[in-house]
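# Overview (structure and organization)
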Amino acid sequence: MSTMVEVSVARLGLDGSTNTYVVILKEAEGDRVLPIWIGQAEAESILLEMNHVKKERPLTHDLCKALIVGLGGALTRVDITRVRKGTYFAELHVERGTETYRIDARPSDSIAVALRMPAPIFVDEALLALPGEEAQEPEEEEALLPETPPVQSTDEMTAEQLKQYLSGLRPEDFGKFHL
């Protein structure tokens, strides 16, 4: 059985070489990371939650939270379990009464829901790697999240502003990673 390691969302950015979004998960007690390339909708959902932006109507991940809670469940953890042919797999662990349900999900969706509940995120240790030589030196690493003023409402950040913010992040903002 493999060892699961707790991680947190360290960064979110746009990979300029593939023009796709990437979320960087960093182990809680160490320097190893796991970059996962994700879709724009999931990136926006994660970023909105990280910046405490509340939309007038629930997004899909807000709906997932409402369903879990409304049905008497609790999200106890998210596990990112494996990668196969470049696709990562995750499980939501939902407890309801004395039962625990493991629900297959994409890591990007799992992260977005875990941030909303909140619930810890774990990664199979075999998936973690140390950053490559081009990773930032420790003295340059003041804050893991991009410097942005906290956003309190949708009036402060429109969807277009959010897209501009995400597209302004560069791979250099989070270093180079080798898997």
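Please read these numbers as outputs of a predicted model, since none were measured by experiment.

### Let's talk about the packing of aromatic side chains
In the structure shown here, the tally under the stated rule is zero aromatic pairs. When the ring centre of Phe122 is taken as origin, the NZ or CZ atom of Arg77, which lies over that ring, is 3.8 Å away. A cation sits over an aromatic face here: Arg82 above Phe89, 4.0 Å from the ring centre.

### Quick word on the nonpolar core
Judged by nonpolar contacts, the single largest core of 33 residues is most densely connected at Leu25, Leu34, Leu75 and Ile80. Mapped by element, the contributors of at least two residues to this core are strand E1 (4-15), strand E2 (20-27), strand E3 (33-38), helix H1 (40-50), strand E4 (74-84), strand E5 (87-96), helix H3 (107-116) and strand E7 (121-124). For this core, the element with the most residues is E1, which contributes five residues. The residues contacting Leu34, other than those within four sequence positions of it, are Val23, Ile24, Leu25, Ile80, Tyr88, Val123, Leu127 and Leu128.

### Concerning the confidence of the model for the protein chain
Per-chain confidence: the protein chain averages 80 in pLDDT, with 73% of residues scoring 70 or above. Contacts of residues 133-157 to residues separated by more than four positions or lying in other chains number 35 contacts, the stretch itself having pLDDT below 50.

### Focus on a nonpolar patch on the surface
Taken together, Leu63, Leu67 and Leu71 make up a surface patch of nonpolar side chains, about 300 Å² in accessible area. Exposure remark for Leu63: the relative accessible area of 46% places this residue in the partly exposed category.

### Let's talk about the sheet that holds E1
Taken together, seven strands build an open sheet; the order of strands is E3-E2-E1-E7-E4-E5-E6 and the sheet is mixed. In this open sheet, the two strands that pair with only one neighbour each are E3 and strand E6 (99-105). Strand-to-strand, the axes of this sheet are offset by a mean angle of 35°, without reference to chain direction. As judged from the eight bridges shared by E1 and E2, these two strands associate in the antiparallel manner. In the strand pairing of E2, Gly13 is matched with Val22. Each of E1, E2, E3, E4, E5, E6 and E7 touches H3; the most contacted strand, E4, lies at about 160° to it.

Definitions and limits used
- Residues numbered from 1 in each chain as written.
- Predicted model: local features only at pLDDT ≥ 70, side-chain atom pairs only at ≥ 80, totals over all residues.
- Heavy atoms only, no water.
- Phe/Tyr/Trp six-rings, centres within 6.5 Å; stacked < 30°, edge-to-face > 60°.
- Lys NZ or Arg CZ within 6 Å of the ring centre and 35° of its normal.
- Core = buried A, V, L, I, M, F, W, Y, C linked by side-chain atoms within 4.5 Å.
- Buried < 20%, exposed > 50% of the residue type's maximum accessible area, 1.4 Å probe, protein only.
- Helix = DSSP H or I, 4+ residues; strand = E, 2+ residues; numbered from the N terminus.
- Contact = heavy atoms within 4.5 Å.
- pLDDT = per-residue confidence, 0-100.
- Patch = residues over 30% accessible without salt bridge, like charges linked within 9 Å, V, L, I, M, F, W, Y side chains within 5 Å.
- Areas by Shrake-Rupley, 256 points an atom, 1.4 Å probe, with all protein chains shown as cover.
- Salt bridge = Lys/Arg side-chain N within 4 Å of Asp/Glu carboxyl O.
- Pairing = 2+ DSSP bridges.
- Axes fitted to C-alpha atoms, helices over the stretch in contact; angles between N-to-C directions.

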